[in-house]
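Topology and contacts: notes
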Amino acid sequence: MSALDDLVDDVVADIDAVLLFSPSAGTYDAFATDDADLPVIVIGQENAVDAETFVELPLEFTDVGGRLRFGLEGAAQQGLLDEGDTVACATSMFGDGMDTVVRVRADQYSPTGVYDLFVNSRPEPDVVRDVFEVCIELGKKGQKGKQVGALFVVGDAGKVMNKSRPLSYNPFEKSHVHVGDPIVNVMLKEFSRLDGAFVISDSGKIVSAYRYLEPSAEGVDIPKGLGARHMAAGAITRDTNAIAIVLSESDGMVRAFKGGELVIELDPEEY
Amino acid sequence: MQVDLPRFVRRLFSQEAAFAFSIAILVVGLVAAYLAWRWTRGVLTDSSFADAVEGTPLERTVRAVGFSTVGLIASLVAVFVYVLAIVLALNVVQLLDIQLFWTRVTSYLPRLLIAALAVIVGITAGYRAELAVSERLRSVKLPEVAFLGDLVKYSIFYVAALVALAQVGVSTDALLILLGAFAFGLVFLGGLAFRHLLAAAAAGIYLLLTEPYAIGDEVRIDDRRGIVQEVDVFVTRVESEGEEYIIPNQEVFQSGVVRVRG
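Residues numbered from 1 in each chain as written. Chains lettered and ligands numbered in written order. Predicted model: local features only at pLDDT ≥ 70, side-chain atom pairs only at ≥ 80, totals over all residues.

1. What to know about the overall build of chain B
Across its full length, chain B holds 10 helices and 5 strands. When each of the 262 residues of chain B is scored for burial, the buried share is 17%. Put simply, of all contacts in chain B between residues at least 6 apart along the chain, 62% involve residues at least 24 apart. (Helix = DSSP H or I, 4+ residues; strand = E, 2+ residues; numbered from the N terminus. Buried ≥ 20, exposed ≤ 12 C-beta atoms within 10 Å, placed from the backbone. Contact = placed C-beta atoms within 7 Å.)

In structure tokens form, the structure reads like this:
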């Protein structure tokens, strides 16, 4: 087995930090009390082990690549990692418990801004996460088994409202519904019937539905093949400080845009 | 009012019989105390009381000496019943100045029990309330907020101590005045400190209900002009080029709003 041992040793040789994804208390303690003087960064949905250096995952990323990416970008943004640092990431790929160790150079890939999307956007991180959850839920359920599409524009609501016009009466007028309220889950099915975009404020209030977005689409660079809904989403985020989260009607994917660029792509079926 | 038990026993039996009778009373008292202990224990265990005291410091302290709160209360009741039996027995053999002792003890004993219960319930409720408050405030990441929980806890302790002391007959007038001053201070100073927030909230509720302006409208409040980004209970956020005004809602009310129609 010495060949295998060598391989594992190579993977963890000369690393600058260890990233533990949702470690158990025992695992974390073993690392924290280890005197190898290696920085330990904990990444998870909640800081269950009270670690000093912690990066919060807003979603339970089932795709390991996305999870690593988010953790690395988060650690880099918080100044926990320098460019050129080499780190070992311990995470779980199949089910519970850590089963995977990955060696990554922090600048090995270009950052997609997925951490930035959650933490440094105008709307609050909780609001972004709630809208994601609504989209994922809607993508899973659909309407009577049929795929549906939806477009949520989150943040900078005042400007978005001025760059759009109503398609019909606003059902949310004089109501004070916030994404994340339990009632929103009940309204999910109804959501999918409404055409146009949903506008959500920085604090998560659903400002309007049935909005026809009228941004200028100049210079918007989104992958070819995506439809009008995605184009509108990309364009409005370039024109305002909002972010847009889209549920695609044709392929059922959830995509997020910021600054006119596609930032993240999730498959609702995996959640 | 009482039946003159000793004389009655002596008339029926002899002096020796009276002594035997008092021993019998002691034995019956023992059995009654045991039954009372079992009954209290059963009732408290069946009710949700055992769950409520679970994990409070009182329970832990009591546990440390090999007891439980339920057991403690049950024992208190048992002791109460047994002491009653002893007093009755002493009464029968006429070892004490019965009349005086009897009236004192019978009036004092229940109050002592109530005082003990008040202390136990007070401590349990205090810790429960502190837990509930700190649970509520957990999302507020400010260490000083823990002070609020302590305040609630000690307030409840204080009231429980007042009830207990009043029961055992200690004069509590001074403590009551202190409690009054505390409550008054809380309400008065609270009102004073929060009066701006209260005014803003009152105006904010009107703004939210009637929505004279909505998110996306262009407005002018005093000389601040911009697009409404957010309206909540306390403030209105108005954004213009590069500047965001956070305006307390009572100010919106006092100076009025100009809606700019484009």
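2. So, the nonpolar core
Counting 77 residues, the largest nonpolar core has Val131(A), Cys135(A), Phe152(A), Val153(A), Ile200(A), Ala244(A) and Ile245(A) as the members making the most contacts within it. In contact with Cys135(A), other than residues within four places in its own chain, are Ala150(A), Phe152(A), Ile245(A), Leu247(A) and Val254(A). Counting residues in hydrophobic clusters, the runner-up holds 6 residues, among them Ala33(B), Val70(B), Ile73(B) and Ala74(B). (Core = buried A, V, L, I, M, F, W, Y, C linked by C-beta atoms within 7 Å.)

3. Here's the deal with the interface of chain B and chain A
Counting from both sides, the interface comprises 10 residues of chain B and, opposite them, 11 residues of chain A. Of all the elements, strand 2 (residues 224–231) of chain B adds the most residues to the side of chain B that touches chain A, at 4 residues. Across the side of chain B that touches chain A, the residue classes tally to 4 nonpolar, 2 polar and 4 charged. (Nonpolar A, V, L, I, M, F, W, Y, C, P; charged D, E, K, R; others polar.)

4. Digging into the confidence of the model for chain A
When pLDDT is averaged along chain A, the result is 84, and 97% of the positions lie at 70 or above. The spread of mean pLDDT over the elements of chain A runs between helix 7 (residues 182–191) of chain A, the lowest at 78, and strand 10 (residues 243–247) of chain A, the highest at 93. (pLDDT = per-residue confidence, 0-100.)

5. Comments concerning the sheet that holds strand 4 (residues 243–248) of chain B
Residues and elements named next belong to chain B. Within the open sheet, the 5 strands sit side by side as 4-3-2-1-5. Their pairing is antiparallel. Two strands close off the open sheet at either side, each with one partner strand: strand 4 and strand 5 (258–260). Neighbour to neighbour, the strand axes of the sheet diverge by 45° on average, direction disregarded. In this sheet, strand 5 lies alongside strand 1 (residues 218–221) in antiparallel orientation, the contact comprising 3 bridges. Paired with Arg-220 across the two strands is Val-258, which belongs to strand 5. (Pairing = 2+ DSSP bridges. Axes fitted to C-alpha atoms, helices over the stretch in contact; angles between N-to-C directions.)

6. Here we look at the sheet that holds strand 1 (residues 17–21) of chain A
Residue and element names in this part refer to chain A. Strand order in the open sheet made by the 5 strands is 3-2-1-4-5, with mixed pairing throughout. Taken across any chain shown, the strands that pair with only one partner, and hence form the sheet edges, are strand 3 (54–56) and strand 5 (100–105). Neighbour-to-neighbour, the strand axes of the sheet open up by a mean angle of 20°, direction not taken into account. Where strand 1 meets strand 4 (residues 86–91), 4 bridges bridge the pair, whose relative direction is parallel. Opposite Leu-20, over in strand 4, you have Ala-90 as the bridge partner.

7. Thoughts on the pairing of strand 2 of chain B
One face of the sheet, then the other: side chains in a regular strand alternate in exactly this way. All names here are of chain B. Note: strand 1 against strand 2, 4 bridges, orientation antiparallel. Directly across from Glu-218, in strand 2, lies its bridge partner Ile-227. Once strand 1 ends, the chain turns through 2 residues before running back antiparallel as strand 2, passing Asp-222 with a positive phi of about 55°. For strand 2 and strand 3 (residues 235–240), the ladder comprises 4 bridges, and the chain directions are antiparallel. Along strand 3, the bridge assignment pairs Val-231 with Thr-236. The loop that links strand 2 with its antiparallel partner strand 3 comprises 3 residues.

8. Topic: unusual backbone geometry
All names here are of chain A. The phi torsion at Asp-14 lies on the positive side, around 55°, for a residue other than glycine. Relative to the helices and strands, Asp-14 resides in the loop between helix 1 (2–11) and strand 1. The backbone of Asp-156 shows a phi angle near 50°, a positive value even though the residue is not glycine. Looking at where Asp-156 falls in the secondary structure, it is placed in the loop between strand 6 (150–154) and helix 6 (157–162).

9. A look at the packing of helix 5 (residues 125–141) of chain A against helix 7 of chain A
Residue and element names in this part refer to chain A. Interaxial distance between helix 5 and helix 7 falls to 10 Å at its minimum, and their mutual angle equals 55°. When the interaxial angle is binned, helix 5 and helix 7 end up oblique. Handedness of the crossing formed by helix 5 with helix 7: right-handed. Each of Val-134, Glu-137, Leu-138 and Lys-141 in helix 5 lies in contact with helix 7, whose residues at this interface are Val-184, Leu-188 and Phe-191. Per-class residue counts for the contact of helix 5 with helix 7 are 5 nonpolar, no polar and 2 charged. (Parallel < 35°, antiparallel > 145°, perpendicular 65-115°, else oblique. Left-handed = near helix turned anticlockwise from the far one by under 90°.)

10. Some details on the environment of Ala256(A)
All names here are of chain A. Topologically, Ala-256 is positioned in strand 11 (residues 254–258). Overall, Ala-256 belongs to the buried group, with 27 C-beta atoms counted inside 10 Å. Between the C-alpha atoms of Ala-256 and Phe-132, which are 124 residues apart in sequence, the distance is 8.7 Å. Apart from the residues within four sequence positions on either side, Ala-256 is in contact with Leu-117, Ile-243, Ile-245, Val-263 and Ile-264.

11. A short note on the confidence of the model for chain B
Low pLDDT marks stretches whose predicted atomic positions should not be read closely. Chain-level pLDDT for chain B is 81 on average; 86% of the residues reach the 70-or-more range. Model confidence for the complex is summarised by a pTM of 0.67, with the ipTM given as 0.74.

12. What about the environment of Val184(A)?
Residues and elements named next belong to chain A. Relative to the elements of secondary structure, Val-184 occurs in helix 7. As for Val-184 and Ile-206, which are separated by 22 residues in sequence, their C-alpha atoms are 9.8 Å apart. Other than its neighbours up to four places away in sequence, Val-184 contacts Val-134, Val-177 and Val-179.

13. What to know about the environment of Leu198(B)
Note that Leu198(B) resides in helix 9 (residues 195–210). For Leu198(B), a count of 14 C-beta atoms within 10 Å corresponds to the partly exposed category.

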